[in-house]
Amino acid sequence: MTRTRGKNVLGPSGHQRGKRNRVVHVFTEGKLTEPSYIDIMRRLLDERELPVEVHIANAGAPGSQRKPINLVEAAVPLMRKLTREAERNRLREEVRPQVWCLFDRDEHQDLDRAFKQAVQGEVRIAFSHPCFEVWRLLHHKDVTGTFNQVCDLVTDRLPFRNEVEKIKKVHADQILGRYAEAKRRALRVNAQHGDHIPLPSRDPYTDVFHFVEQGLGLTSY
């Protein structure tokens, strides 16, 4: 099946067995790790012939433009544009485009403002504290204790921590066949935080599974 991924606007193509594909645009904080994870998800979408196209919206952005507030400020106008196009084309809700931002707690400032602007702009967020590596780690083991915004403490627990290439990029054998367990562990980790605790203060935390299920339409891998 041929899939066009280079475009960042809604177009007339993308039909599959009489259905229009839903286009998902993703702004990632990381330049390698999250995009490599998304590449694996793309291959799964192709293999399962699911009507979803995924675009990395900020693939060429420099590191200085990858802070959470930068991602959201770029994502909001894109979401507005796509919404106008969807309304003009009278797209059904299930195939309307989505815009996501994947970012971490790290030591970022303006996180509260980023979350607020995303909600107002109908941009969806997949958030991890202290970093995306928490989600990767949950594919292998339970997570206990806190990390105090130090991602290296998470990386040190990964079973492949001594292999530089396997740390920088997500490899299929690190995650495939492990989704159900990773989600179960993530839900248990997240449940230890009360609803009154703001997301940036939840240590550890990750809701990347929302992106997998709500954005990509995958429920297993």
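Here is a short report on the structure shown in this document. Values in this document were obtained by computation on a predicted structure and should not be read as measured data.

Things to note about helix 1 (residues 33-47)
Taking 1.5 Å of rise per residue, the 15 residues of helix 1 would be expected to cover 21 Å, and the 22 Å separating its terminal C-alpha atoms lies within 8% of that figure. Among the 15 residues of helix 1, 11 are classified as buried, and the element is accordingly described as predominantly covered. For helix 1, the set of buried residues is Thr33, Glu34, Pro35, Ser36, Tyr37, Ile38, Ile40, Met41, Arg42, Leu44 and Leu45. Glutamate 49 occupies a position one or two residues after helix 1 and carries a positive phi of about 55°.

Notes on the packing of aromatic side chains
Applying the stated criterion across every chain, the model contains 10 aromatic pairs. With centroids separated by 6.3 Å and ring planes inclined at 45°, the aromatic side chains of tryptophan 135 and phenylalanine 209 adopt a geometry described as tilted. One end of the pair, tryptophan 135, is in helix 4 (residues 133-138); the other, phenylalanine 209, is in helix 9 (residues 208-215), with 74 residues separating them in the sequence. Taken individually, tryptophan 135 and phenylalanine 209 each receive the classification buried, so the pair is uniform in this respect. Between the aromatic rings of tyrosine 179 and tyrosine 221, the centroid separation amounts to 4.8 Å while the plane-to-plane angle is 50°, which identifies the pairing as tilted. Placement of the pair is tyrosine 179 in helix 8 (residues 179-191) and tyrosine 221 in the segment after helix 9, with a sequence separation of 42 residues. The exposure class of tyrosine 221 is buried, given its relative accessible area of 10%. An aromatic cluster of three or more residues is present, and its members are Tyr37, Phe132, Trp135, Tyr179, Phe209 and Tyr221.

Some remarks on the pattern of salt bridges
Inspection of the entire model under this criterion finds 11 salt bridges. A salt bridge links arginine 136 to glutamate 133; its shortest N-O distance comes to 3.4 Å. Of this pair, arginine 136 and glutamate 133 both sit in helix 4, three residues apart, which is roughly one turn of that helix. Taken as a pair, arginine 136 and glutamate 133 share a single burial class, namely buried. One salt-bridge network, held together by shared partners, links Asp142, Glu181, Arg184, Arg185 and Arg188.

A closer look at helix 9
Restricting attention to buried positions, one finds in helix 9 the residues Val208, Phe209, Phe211, Val212 and Gly215. At the exit of helix 9 stands glycine 217, carrying a positive phi of roughly 75°.

What counts and how
Throughout, a residue's number is its position along its own chain's written sequence, starting from 1. Confidence filtering applies because this is a predicted model: local features only for residues at pLDDT of at least 70, side-chain atom pairs given and counted only at 80 or more, and all residues used for totals across whole chains, interfaces and linings. Side-chain numbers here rest on the full set of heavy atoms in the structure, without hydrogens or water. Working definition: helices are DSSP H or I runs of at least four residues, strands are E runs of at least two. Numbering for both runs from the N terminus. Helix span is expected to be 1.5 Å times the residue number reduced by one. Throughout, exposure labels follow a simple rule: accessible area from a 1.4 Å probe, protein chains only, divided by the maximum for the residue type, with under 20% read as buried, over 50% as exposed, and the rest as partly exposed. Classification of ring pairs uses Phe, Tyr and Trp, with its six-membered ring standing for Trp, and accepts pairs whose centres are within 6.5 Å; under 30 degrees between planes counts as stacked, over 60 as edge-to-face, and the remaining range as tilted. Any carboxyl oxygen of Asp or Glu that lies within 4 Å of a side-chain nitrogen of Lys or Arg is treated as forming a salt bridge with it.

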